[in-house]
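# Descriptive analysis of the structure
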Amino acid sequence: MAKTLIRARLLTFLAEPLAFDDHASYRYEEDGAVLVEGGVISACGDYTAIAPAAADADVIDHRPHLLLPGFIDAHAHFPQMQVIASYGAELLDWLNTYTFPTESEFGDAGHAARIARFFLDEMVRHGTTTAAIYCTVHPQSADAFFAEAQRRGMCMIAGKVMMDRNAPAALTDTPQSSYDDTNALIAKWHGTGRLHYAITPRFAITSSPEQMEMVQALVADHPDLHLQTHLSENHAEIALACEFYPQAKDYTGIYEHYGLLGPKSLFGHCIHLSDREADALSESGSVAVFCPTSNLFLGSGLFDYFRYRRREKPLRIAAATDTGGGTSYSMLRTMDEGYKVVAFHGEKLNPLASFWQITRGNAEALSLGHRIGTLEPGTDADLVVLDARATPAMRLRMERAETLAEELFVLQTLGDDRAVVETYVAGRAAKGQI
Ligand code: GUN
Ligand code: ZN
């Protein structure tokens, strides 16, 4: 089997870093190497220790750049590439004015395929190798996305959005059709290559109680699948959701009633949760997905990362772009904005924790830590190579950076796609193929 040896400075996380100087939380190799065989990491460590096993390997030398596990985006909408930068609206107006009309075009399979190509190109350009994706209501949008991800050998989670009310006719299904289409897509795509299906009710406002019962049935039939939806993003949204489900205790209680909380459940935003709601998410092992650029752009609110992490019943948290409510495809830009949101609460998210979050942290939040998110032998060789001196301003700033944590903070604060030297998908350099 062909072997590839990739030389670089290596960084991989062992645990969540608790401070700027938490050196036990990561492994760093100044002169490191990753050996890849059949798309999988077969060895990782100091170059001189790995080299004997790599005598017959093709060698790619990225020194002095920094190699990490590929970035993971826990929530994004691929059909919203042409929604990004839509002016002047908060969530519900933004959905009705910009997002729903744009998503209505994805009944056209050719259009969906074109945007899926553009989207995955952007993921690769920004160093993201796995994402949890919302398609549109149209099954052909999910077909297009999965087909393109499969062609590239990427590990992707995605699902057809289920929505049967409060949206234009071109964008609604019915409880039965959403159930049937979701089942057919699961049979077709889940477990194909590196693809995972996520049951995807858009949110309580666009799903009738009858559709929620169908979601419940799908989850019961496929308990190992992810479920993704939106929760507690904006005050008007919360009020409307609770109006549509008056018997629920609160917004989280709607999803709870239909049995949708659990360790594979990803709840986008979770900004305004009460303690009861946070307890319910924590006790069920559900994941709250922090989408800072989106939350700032739509004026939705300030996610309180440490309130959720440090409470008696902590929440599992993932981080995400939420494109097109979010304004960047980059997980570096996302964590830069995340740092600022956390700062509003008088806290600091240290750069080691940021890079843990977008690699191992997100992999674990997506229950994929056994396959991605680290450089551990036996896991998939999805990698990103970063250059903290990619621009003149970054180069100048790096003259004064002395530690690894400082370098990471420069990458996060000033970096974007220009800092991504290469992205490897299952061991193959993918940027050149765009
Ligand atoms: N809530 C329901 N749908 C959406 C969406 O597409 N984007 C965001 N940010 N929130 C939502
Ligand atoms: Zn979203």
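As the structure is a prediction and not an experimental result, all values here were calculated from the model. (Residues numbered from 1 in each chain as written. Chains lettered and ligands numbered in written order. Predicted model: local features only at pLDDT ≥ 70, side-chain atom pairs only at ≥ 80, totals over all residues. Heavy atoms only, no water.)

## Considerations on the site of ligand 1
Around ligand 1, the neighbouring residues are His77, Gln80, Leu91, Trp94, Leu95, Arg202, Phe203, His230, Glu233, His269, Ser294 and Asp322. The contact in question runs from a nitrogen atom of ligand 1 to an N or O atom on the side chain of Glu233, over 2.7 Å. Asp322 places a polar side-chain atom, nitrogen or oxygen, 2.9 Å from a nitrogen atom of ligand 1. Computed on the free molecule, ligand 1 has an accessible area of 270 Å², of which 100% lies beneath the protein chains in the complex. If you tally residues by element for the shell around ligand 1, the top one is helix α2 (residues 91–103), at three residues. Grouping the amino acids of the shell around ligand 1 by side-chain chemistry returns four nonpolar, five polar and three charged. (Near = heavy atom within 4 Å. Polar contact = N/O pair within 3.5 Å; in protein donor to acceptor, adjacent residues only side chain to side chain. Areas by Shrake-Rupley, 256 points an atom, 1.4 Å probe, with all protein chains shown as cover. Helix = DSSP H or I, 4+ residues; strand = E, 2+ residues; numbered from the N terminus. Nonpolar A, V, L, I, M, F, W, Y, C, P; charged D, E, K, R; others polar.)

## Topic: the pattern of salt bridges
Inspection of every chain in the model, using the stated rule, returns 30 salt bridges. The partner of Arg194 in a salt bridge is Asp382, and the shortest N-O contact between them spans 2.7 Å. Here the residue Arg194 occupies a position in the loop between α5 (175–189) and β9 (195–201), and Asp382 occupies one in the loop between α13 (351–365) and β14 (383–386), the gap between them amounting to 188 residues. A single burial state applies to Arg194 and to Asp382, both of which are buried. When the shortest N-O distance is used, the salt bridge between Asp416 and Arg418 registers 2.9 Å. A relative accessible area of 16% means that Asp416 is categorised as buried. Exposure remark for Arg418: the relative accessible area of 53% places this residue in the exposed category. One salt-bridge network, in which partners are shared between bridges, spans Asp121, Glu148, Arg151 and Arg152. (Salt bridge = Lys/Arg side-chain N within 4 Å of Asp/Glu carboxyl O. Buried < 20%, exposed > 50% of the residue type's maximum accessible area, 1.4 Å probe, protein only.)

## A closer look at the coordination of the zinc ion (ligand 2)
Coordination of the zinc ion (ligand 2) by the protein is provided by His75 (NE2), His77 (NE2), His230 (NE2) and Asp322 (OD), with metal-donor distances spanning 2.0 to 2.5 Å. One way to put it: the four donor atoms around the zinc ion (ligand 2) meet at angles of 89 to 162 degrees, and that makes the site irregular. Of note, the donors binding the zinc ion (ligand 2) are all from one chain and are spaced H-x1-H-x152-H-x91-D. In this pair, His77 is assigned in strand β5 (residues 71–77) and His230 in strand β10 (residues 226–231), connecting sequence segments 153 residues apart. We classify His77 as buried; its relative accessible area is 3%. (Donors = N, O, S within 2.8 Å, 3.2 Å for Na, K, Ca; no water. Tetrahedral: all angles 85-135°; square planar, octahedral: opposite > 155°, others 65-115°.)

## Details of the nonpolar core
Residues Phe119, Ile133, Tyr255 and Phe355 are the most contacted members of the largest nonpolar core, which totals 110 residues. Looking at which element gives the most residues to this core, the answer is helix α3 (residues 109–125), with seven residues. Apart from the residues within four sequence positions on either side, Ile133 is in contact with Ala76, Phe78, Phe119, Phe145, Met156, Ile157, Ala158, Gly159 and Gln228. Ala132, Cys291, Ala320 and Ala363 belong to the second-largest nonpolar core, a separate cluster that totals 17 residues. (Core = buried A, V, L, I, M, F, W, Y, C linked by side-chain atoms within 4.5 Å. Contact = heavy atoms within 4.5 Å.)

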